[in-house]
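Examining the three-dimensional arrangement
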Amino acid sequence: MKVLFRFKTVLAAILLLGAQSCNDLLEETPISQVGSEYINTAPGFESAVKGVYSSLRTYYGTEDAMTLSVFGTDTYTMGADGAYKFVNEYTSQIDGRLVVTNYIWNNLYPAINTANIVIDVAPNMTALDPALVKRRVAEVKFLRAHHYFILVQMFGPVSLVTKGNLVAQKEFTRAPVPEIYAQIISDLESGLPDLGLATSDYGRVTKAAAEHLLARVYLTKATSEAKAADDYVKAATYAENVVKNYSFSLLPDFASVWVQGGGEINNEVIFATQYTSDPLTNGIGNRTHLYFGMEYDTQAGMQRDTENGRPFKRFRPTTYMLETVFAPANRVNDSRYKKTFKDTWKSNKPGKYTNLFDTSKKELTFASGDTTIFIPGYEMTLEERAKRPYQVLTPSLYKANLFPVNRKFLDALRPDRTYEQGSRDFLMFRLAETHLIAAEAYIRQGKTAEAAAHINVVRRRAAWPGKETAMEITPAKATMEFIMEERERELAGEMFRWFDLKRWGNLVERVKLHNPEGAANVKEFHNLRPIPQDQIDRTAGGPAAYPQNPGY
């Protein structure tokens, strides 16, 4: 049975580094006392653990985290709408007041504090089976490590707090990056013995999820100031463990990974943030369906519907994404362009229309269900387009409101066309990424044969039927340049790209080359995000005690 980790009010007032002022926190003492007593009961302990799980929803599926992980890279730039275009443009508006960074900071730290409290009270939790208590501690250690991993990548040195606070604190410092990585790895590795395999409580942290995260952590640590000589060896080892020691397997069809509903629970998914169609327990919902859409709903023969989504037009693929990562010449073998990007819209508003963007014909007439818009992905001649009884959107016609749409996150199960609280799970870890982590770790060690073997597992699955052999690469082609493109072919839009570019040390280079809107302003200091100003202000000693990152 799928367990839904709901947002809890337990310990709601026990905030660490939260958005409220110190005085606000102190005024909540009666509520904090109730939380403090409740967590020492079996129901309270379990509720607090679920409360830490629920914090995943404040990151995965939100515009804030998508803006900081997808946007402003070499593969995604800004669409027509949105309040945070300046994040893609790397302007001076990115500072300590930036809402999207503040939101993440002010949600992850309270969750870390709740995790700390769970760990603190666990030794005295006699009302539950000791083995279950150990597993719950291992689960929240995983979540604490996950949160610190996001924070250290985004902000560099941050506060490292591993004991729970029941009252507001004002004394904080920024711990060095090596200390933070040491804590992340300690949490994950110490928890491994107490984590089990998948249970009927679908959504709980498993041993496989912890090993996958360890592989990703070591891969990232290897290019950080915490790097050690054996990081790539450990990354490969943990990735191999996930591949070989569990029952995961790639689904036969890349498109089936993104089937909504029951299809989200499948043999490829290692760990996911859970959402639900129940509005009482879904929080703000998974909103990723809003951000990748184009303005189909103002085109001839179309109106907004649930199948095609409510297009906020935030994230638009770059030319590099469409023409190099998904090079047209490779699409004859590789199915992932077709299965990642939506290319056909069917009329839901029949009638006779003037052709709005395709000059090959002046008027169009559509019956219900007729094709109204087609995106071929290459430059059709005017004569070819004239033969088609619908609008043809070719690359020369792409603009900020009209572009290929990433279909991975569309949510046709919303109850109506304006509903924003999406219900599909967000797939955090899946086996295809595990293979690519192993491949990158092997490339870094010069073991190209091992790297190619993992890459080819992913590429054979991505092949059109009968094209599997054509999709395989030789060890000589297993290079960092190849893996940089292969990761995006497989993982486009899945909240990796900014972190990948930072890990590879080429964020500035790639943005300058492939993101015209961001090229003029991006600088090396943008490899870190600004520390929230309200955190600096509420720390005793202010900027002297809690300095801002350089450049901001």
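Residues numbered from 1 in each chain as written. Predicted model: local features only at pLDDT ≥ 70, side-chain atom pairs only at ≥ 80, totals over all residues. Heavy atoms only, no water.

The next point concerns the overall build of the chain. In terms of helices and strands, the chain carries 22 helices and 11 strands. Taken against the 2.2 N^0.38 rule, which gives 24 Å for 552 residues, the C-alpha radius of gyration of the chain at 24 Å falls within 12% of a compact globule. Over its C-alpha atoms, taken along the principal directions, the chain stretches across nearly 75 × 50 × 50 Å. Burial status across the chain gives 61% buried among its 552 residues. The long-range fraction of contacts in the chain, counting pairs at least 24 apart against all pairs at least 6 apart in sequence, stands at 74%. By element, 54% of the accessible surface of the chain is carried by carbon and sulfur atoms, the whole surface being about 20,700 Å². (Helix = DSSP H or I, 4+ residues; strand = E, 2+ residues; numbered from the N terminus. Rg over C-alpha atoms; globule rule 2.2 N^0.38 Å. Buried < 20%, exposed > 50% of the residue type's maximum accessible area, 1.4 Å probe, protein only. Contact = heavy atoms within 4.5 Å. Areas by Shrake-Rupley, 256 points an atom, 1.4 Å probe, with all protein chains shown as cover.)

A few words on the nonpolar core. Counting residues in hydrophobic clusters, the biggest one holds 136 residues, and the most contacted among them are Phe45, Tyr59, Phe142, Tyr148, Leu151, Ile184 and Phe271. Ranked by residue count, the leading element in this core is helix α7 (residues 130–155), at 14 residues. In contact with Phe45, not counting residues within four places along its chain, are Tyr38, Ile39, Val118, Val121, Ala122, Met125, Leu128, Val133 and Arg136. Counting 11 residues, the second largest nonpolar core, distinct from the first, contains Met294, Tyr296, Trp345 and Leu402. (Core = buried A, V, L, I, M, F, W, Y, C linked by side-chain atoms within 4.5 Å.)

So, on to the packing of helix α9 (residues 207–221) against helix α10 (residues 231–245). Close contact between α9 and α10 brings their axes to 8 Å; oriented N to C, the two are set at 155°. Our classification of the angle between α9 and α10 gives roughly antiparallel. Crossing of α9 against α10: the hand is left-handed. On α10, the residues touching Ala208, Glu211, His212, Leu214, Ala215, Tyr218, Leu219 and Lys221 of α9 are Asp231, Tyr232, Lys234, Ala235, Tyr238, Ala239, Asn241 and Val242. Grouping the constituent residues of the contact of α9 with α10 by class yields 10 nonpolar, two polar and four charged. (Axes fitted to C-alpha atoms, helices over the stretch in contact; angles between N-to-C directions. Parallel < 35°, antiparallel > 145°, perpendicular 65-115°, else oblique. Left-handed = near helix turned anticlockwise from the far one by under 90°. Nonpolar A, V, L, I, M, F, W, Y, C, P; charged D, E, K, R; others polar.)

Moving on, we come to the packing of aromatic side chains. One pass over the full model with this rule turns up 29 aromatic pairs. Between Trp258 and Phe409, the ring centres sit 6.3 Å apart and the planes meet at 65°, which makes this aromatic pair edge-to-face. Placement of Trp258 in the loop between α10 and β2 (269–273) and of Phe409 in the loop between β10 (405–406) and β11 (426–430) is noted, with a sequence separation of 151 residues between them. Per residue, the accessibility class of Trp258 equals that of Phe409, and both read buried. (Phe/Tyr/Trp six-rings, centres within 6.5 Å; stacked < 30°, edge-to-face > 60°.)

What follows concerns α7. The terminal C-alpha atoms of α7, which comprises 26 residues, lie 37 Å apart, in line with the 38 Å expected from a rise of 1.5 Å per residue. Along α7, 22 of the 26 residues are buried, which leaves the element largely enclosed by surrounding structure. Downstream of α7 by one or two residues, Gly156 has phi in the positive range, about 75°. (Expected span 1.5 Å × (residues − 1).)

On to the packing of helix α15 (residues 448–462) against helix α17 (residues 480–491). Running from N to C, α15 and α17 point in directions that differ by 40°, and their axes come no closer than 12 Å. In terms of axis orientation, α15 runs oblique to α17. Handedness of the α15/α17 crossing: left-handed. Facing α15, whose interface residues are Ile455, Val458, Arg459 and Arg461, α17 presents Phe482, Ile483, Glu486, Arg489 and Glu490. Residue composition of the contact of α15 with α17, grouped by class: four nonpolar, no polar and five charged.

Counted by the stated rule, this structure contains 45 salt bridges. Close ionic contact of Asp500 with Arg503 constitutes a salt bridge, the shortest N to O distance being 2.9 Å. You can see Asp500 and its partner Arg503 sitting in helix α18 (residues 497–504), three residues apart, about one turn around the helix. Across the pair, exposure class does not vary: Asp500 and Arg503 are buried alike. Because the salt bridges share partners, they merge into one network encompassing Glu268, Asp334, Arg336, Lys408, Arg430, Arg459, Arg461, Glu485, Glu486, Arg489, Glu490 and Glu494. (Salt bridge = Lys/Arg side-chain N within 4 Å of Asp/Glu carboxyl O.)

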